[in-house]
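An overview of the molecular structure
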Amino acid sequence: MIVRQHKIHRRDASVRALALSALLLFSLASLSCKASGGDAASPNAKRYDLKGKVVSVNKAENRVAVAHEEIEGYMDAMTMPFAVRKNDYWALDVLKPGDKLTAVLVVDGGMTWIENIVITQESTDTSGSSETAGAAKEAEPGDSLPNFSLVNQDGKKIRLEQYKGRVLLLTFIYTRCPLPDYCPLMSENFAALERELKKTPALYDRTHLLSISFDTDYDTPKVLKSYGGAYTENYSDEKFKHWEFATGSADEIRDIAGFFGLRYYKETGQIVHGLRTAVITPEGQVYKVYRGNEWKTDDAMRDIQAILNRKQ
């Protein structure tokens with residue numbers, strides 16, 4: 001979820017109206033066109049009609065949060081952030097909270113995005129606020145990680161200080177997240193990282209993985225234990241010695257998410273959120289923060305090697 005950032009864009013109303021008129025014509029004309037180049041979907045991609053109202057615009061991450069109606073055959077009505085690809089970048093410049101739109105939701109394997117965006121009704125709000133990175137101070141390389149307190153999947157109290165001496169990788173998730181390129185992808189990446197680290201016992205012993213849920217109402221230790229066991233594929237036999245799953249009180253999670261610049265809020269049974277994955281040195285300092293879903297297992301492995309090699 002996750003403290004999210006906000007930036008104010010102010011535009012002259014008449015200029016915006018002219019731009020919207022032109023871009024509406026463009027988007028309507030492109031409804032039957034397929035995305036090209038990097039926007040091309042695979043032949044197995046599924047498409048769903050989406051209709052809703054804009055909640056926020058994150059131009060820095062090319063995402064739009066939409067309070068949408070039920071997506072028949074895929075998702076109940078809720079508010080969710082959706083990626084926007086190059087062919088529809090124009091929308092990031094003109095969309096504002098309160099605008100009503102229609103679009104096509106593309107689900108292609110582990111990736112989702114919206115395309116063929118059409119603004120069906122402009123908002124009467126002229127404040128023009130949009131969401132983007134930079135409104136709050138985020139953890140930077142070299143910052144010391146506070147000794148946050150959490151509760152792990154076994155119901156035991158843990159503190160982040162106890163992981164000093166190892167490279168700690170932590171990410172934020174919630175178990176009911178419906179978008180495959182959000183929380184499920186973070187958990188799949190950690191599962192792949194867990195498998196890769198096991199190949200080298202020396203690395204495995206000097207690292208630790210921690211997935212933190214911000215769904216404090218639903219993700220109890222029992223839920224996290226079941227969820228974590230499924231991702232490690234050890235199920236009820238998982239001992240969680242190397243990869244733990246944790247949550248805490250609403251205030252505790254808000255504090256740790258805020259430290260990493262992660263904003264989140266609950267909406268119609270779901271949680272609208274961004275993504276943060278952090279690499280922490282054995283000294284308890286921030287080494288790197290991944291602020292999206294584009295990082296791969298190889299990236300994390302390189303960071304781990306770089307940290308451990310500098311100590312030899």
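Up top is the structure.
Now for a quick tour of the structure. (Residues numbered from 1 in each chain as written. Predicted model: local features only at pLDDT ≥ 70, side-chain atom pairs only at ≥ 80, totals over all residues. Heavy atoms only, no water.)

1. A short note on helix α7 (residues 297–309)
Over its 13 residues, α7 extends 18 Å from the first C-alpha to the last, a length consistent with the 18 Å expected when each residue adds 1.5 Å. Listed in full, the buried residues belonging to α7 are T297, A300, M301, D303, I304, I307 and L308. Down the axis of α7, the buried set is contained in an arc of 160 degrees. They therefore lie on one face. The exposed residues of α7 that point more than 90 degrees off its buried face are D298 and R302. Buried residues belonging to α7 abut β10 (167–173), α3 (183–198), α4 (201–204), β11 (207–213), β15 (277–280) and β16 (286–290). (Helix = DSSP H or I, 4+ residues; strand = E, 2+ residues; numbered from the N terminus. Expected span 1.5 Å × (residues − 1). Buried < 20%, exposed > 50% of the residue type's maximum accessible area, 1.4 Å probe, protein only. Arc of directions from axis to C-beta. Contact = heavy atoms within 4.5 Å.)

2. Quick word on the pattern of salt bridges
Opposite charge on two side chains lets them pair, provided their charged atoms get close. Within the structure shown, the criterion is met by 12 salt bridges. The partner of K225 in a salt bridge is D154, with the nearest N and O atoms 3.1 Å apart. Placement of K225 in helix α5 (residues 221–232) and of D154 in the loop between β8 (149–152) and β9 (157–159) is noted, with a sequence separation of 71 residues between them. Given a relative accessible area of 35%, K225 falls into the partly exposed group. (Salt bridge = Lys/Arg side-chain N within 4 Å of Asp/Glu carboxyl O.)

3. Things to note about the side chain of H242
Here H242 is to be found in the loop between α5 and β12 (243–247). Owing to a relative accessible area of 5%, H242 belongs among the buried residues under this scheme. In this structure the side chain of H242 is engaged in a polar contact, spanning 2.6 Å, whose partner is the side chain of E194. (Polar contact = N/O pair within 3.5 Å; in protein donor to acceptor, adjacent residues only side chain to side chain.)

4. Topic: the sheet that holds β12
Spatial ordering of the open sheet is given by β9-β8-β12-β11-β10-β15-β16, a layout of seven strands whose pairing is mixed. Two strands lie at the open edges of the sheet, namely β9 and β16, each paired on one side alone. When strand polarity is set aside, the average angle formed by the axes of neighbouring strands in this sheet is 30 degrees. In terms of strand pairing, β15 meets β16 through four bridges, oriented antiparallel. Across the sheet, I280 pairs through a bridge with V286, a residue of β16. In the packing of α7 onto the sheet, the strands contacted are β10, β11, β15 and β16, and the crossing angle to β16 comes to about 170 degrees. (Pairing = 2+ DSSP bridges. Axes fitted to C-alpha atoms, helices over the stretch in contact; angles between N-to-C directions.)

5. A word on the environment of A257
Following the sequence through the fold, A257 ends up in helix α6 (residues 250–259). Classification of A257 by relative accessible area gives buried; the value is 0%. Distance in space between the C-alpha atoms of A257 and E138 is 9.7 Å, their sequence separation being 119 residues.

6. Concerning the nonpolar core
Ranked by internal contacts, the top residues of the largest apolar core, which has 79 residues, are L210 and F260. Of all the elements, α3 adds the most residues to this core, at seven residues. Filtering out sequence-adjacent residues up to four positions away, L210 remains in contact with L150, I158, L160, Y163, L168, L169, L170, T171, F190, W243, E244 and A246. Counting residues in each nonpolar core, the second largest holds five residues, with A45, A83, V106 and W113 among its members. (Core = buried A, V, L, I, M, F, W, Y, C linked by side-chain atoms within 4.5 Å.)

7. A few points about α3
Here α3 spans 23 Å end to end across 16 residues, near enough to the 22 Å set by a 1.5 Å rise per residue. Three or more residues of α3 are buried, namely C183, P184, L185, M186, S187, N189, F190, A191, L193, E194 and L197.

8. Overview of the state of the cysteines
As enumerated under the stated definition, the model contains zero disulfides in all. Left without a disulfide partner, C177 is nearest to the cysteine sulfur of C183, which lies 3.4 Å away. Residue C183 is classed as buried on the basis of its relative accessible area of 0%. (Disulfide = S-S within 2.5 Å.)

Keep in mind these values describe shape, not function.
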